[in-house]
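# Architecture and fold: a report
What follows is the residue order along each chain.
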Amino acid sequence: RCDLTCWYCFFYAKEGEPIYEPTMDQIRFMLKRMKNEKPVGCNSVQFTGGEPTLREDLPEIVSAAKEIGYSHVQLNTNGVNLAKDPTLALRLHEAGLSNLYMSFDGVTPQTNPKNYWEAQTAIENCGKAGIGVVLVPTVIGNVNDHELGDIIRFAQGHNNIVRSVNFQPVSLVGRMPDALRKKQRITIPGAIKRIEEQTDGAIG
C-alpha cells in the first residue's frame, strides 16, 4: 500500500541528494513565463511530481496559477492524500482547481496496489467538493489489461464525478529481460481491441 515515501513520489530525487522543491517565487516565475510565451501564451497547466499533494502549499500554488490567468488547472495525483484529508479537495476547489488526473490502474488490489484502498474515497471527496476526476490507468500486458472493460464500467458507475478514462499503454524503458518486455508490452491498437472485447463491442 502507498505510504507516500517510495521512489515514485520522489521521482526526480537522486540518491543521497536533497529533493528539488521549487519555492513559491520560482513557481510563480515559471507560471508567468509560460503564460507570456509568444505568439500564444499557455492557457492550462498540470501540476505533477512525484506526488504534488505532499506540498502543504499546494492550494496556494493552484491559486497562483488562477491569479496569473490560467483557465484550466489540473492536478496529477494518486489521490491518497485526498482520501486521507477530505478538506484538501475543498481547499483545492476553492483555490480554483479544474480537475484531477488520477492514477487508477485497476479495480482490484492485485492490479492497483498503488491506490486501490484510497481511490474510491478520493473520488467521493472530489465529488463533494465539486472537482471532476479523470481516471488514468497505465495499461500493462498480463498485469491489468484484462480489466479495461471493468475500469470503464467503474467510471460509468461514477459518471457524476468521473469525466473520462485516459488509458496509457506502458512505456517500457531501461533494462529488462526480453521475455518480460514481450509479456508486458501492449500497443494502443492492442488496448483498443481489448476494450472492444471487454465491453462486448459497446466501445469499438
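Each remark here, short or long, concerns the structure printed above.
Since we're looking at a predicted model, the values are computed, not measured. (Residues numbered from 1 in each chain as written. Predicted model: local features only at pLDDT ≥ 70, side-chain atom pairs only at ≥ 80, totals over all residues. Heavy atoms only, no water.)

### Description of the pairing of strand 1 (residues 44–47)
- Judged by which residues are buried, strand 1 turns out to be one-sided: Val45 and Phe47 face inward and are buried, whereas Ser44 and Gln46, on the alternate face, are not.
- One ladder, built from four bridges, connects strand 1 with strand 2 (residues 72–77); its direction is parallel. Bridged to glutamine 46 within strand 2 is glutamine 74.
- Tracing the backbone out of strand 1, into helix 2 (residues 58–68) and back to the parallel element strand 2 gives a crossover that is right-handed. (Buried < 20%, exposed > 50% of the residue type's maximum accessible area, 1.4 Å probe, protein only. Helix = DSSP H or I, 4+ residues; strand = E, 2+ residues; numbered from the N terminus. Pairing = 2+ DSSP bridges. Right-handed = clockwise from strand over helix to strand, strands pointing away.)

### Description of the sheet that holds strand 3 (residues 99–103)
- Ordered in space as 1-2-3-4-6, the five strands form an open sheet in which the pairing is parallel. One side of each edge strand has no neighbouring strand; the edge strands of this open sheet are strand 1 and strand 6 (162–165). Strand-to-strand, the axes of this sheet are offset by a mean angle of 20 degrees, without reference to chain direction.
- This element, helix 5 (residues 116–129), spans strand 3, strand 4 (132–136) and strand 6 of the sheet and lies at about 175 degrees to strand 3. (Axes fitted to C-alpha atoms, helices over the stretch in contact; angles between N-to-C directions. Contact = heavy atoms within 4.5 Å.)

### A look at the packing of helix 1 (residues 24–35) against helix 2
- Their axes nearest at 10 Å, the elements helix 1 and helix 2 cross at an angle of 30 degrees. The orientation of helix 1 relative to helix 2 falls into the category roughly parallel. Crossing handedness for the pair helix 1 and helix 2: right-handed. The segment helix 1 lies against helix 2, with Met24, Ile27, Arg28, Leu31, Lys32 and Lys35 engaging Glu60, Ile61, Ala64, Ala65, Glu67 and Ile68. (Parallel < 35°, antiparallel > 145°, perpendicular 65-115°, else oblique. Left-handed = near helix turned anticlockwise from the far one by under 90°.)

### A few points about the packing of aromatic side chains
- Scanning the model with the defined rule gives two aromatic pairs in all.
- Summarising the aromatic geometry, the rings of phenylalanine 104 and phenylalanine 154 are spaced 4.8 Å apart at their centres and angled 25 degrees between planes, so their arrangement reads as stacked. Linking phenylalanine 104 in the loop between strand 3 and helix 5 with phenylalanine 154 in helix 6 (residues 148–157), this pair joins segments that are 50 residues apart in sequence.
- In this structure phenylalanine 104 comes out as buried when scored by relative accessible area, which is 3%.
- With relative accessibility at 17%, the residue phenylalanine 154 sits in the buried group.
- Centroid distance tyrosine 116 to tryptophan 117: 5.5 Å. Interplanar angle 90 degrees. Geometry classified as edge-to-face.
- Judged by relative accessible area, which is 32%, tyrosine 116 ranks as partly exposed. (Phe/Tyr/Trp six-rings, centres within 6.5 Å; stacked < 30°, edge-to-face > 60°.)

### Re the pairing of strand 3
- Within strand 3, five of the five residues are buried, which leaves it mostly tucked inside the rest of the structure.
- Of the two faces of strand 3, the one carrying Asn99, Tyr101 and Ser103 and the one carrying Leu100 and Met102 are both buried.
- Note that strand 2 and strand 3 share four bridges and pair parallel. Bridging from a neighbouring strand, asparagine 76 pairs with tyrosine 101 of strand 3.
- Direction of pairing for strand 3 relative to strand 4: parallel, over a ladder of five bridges.

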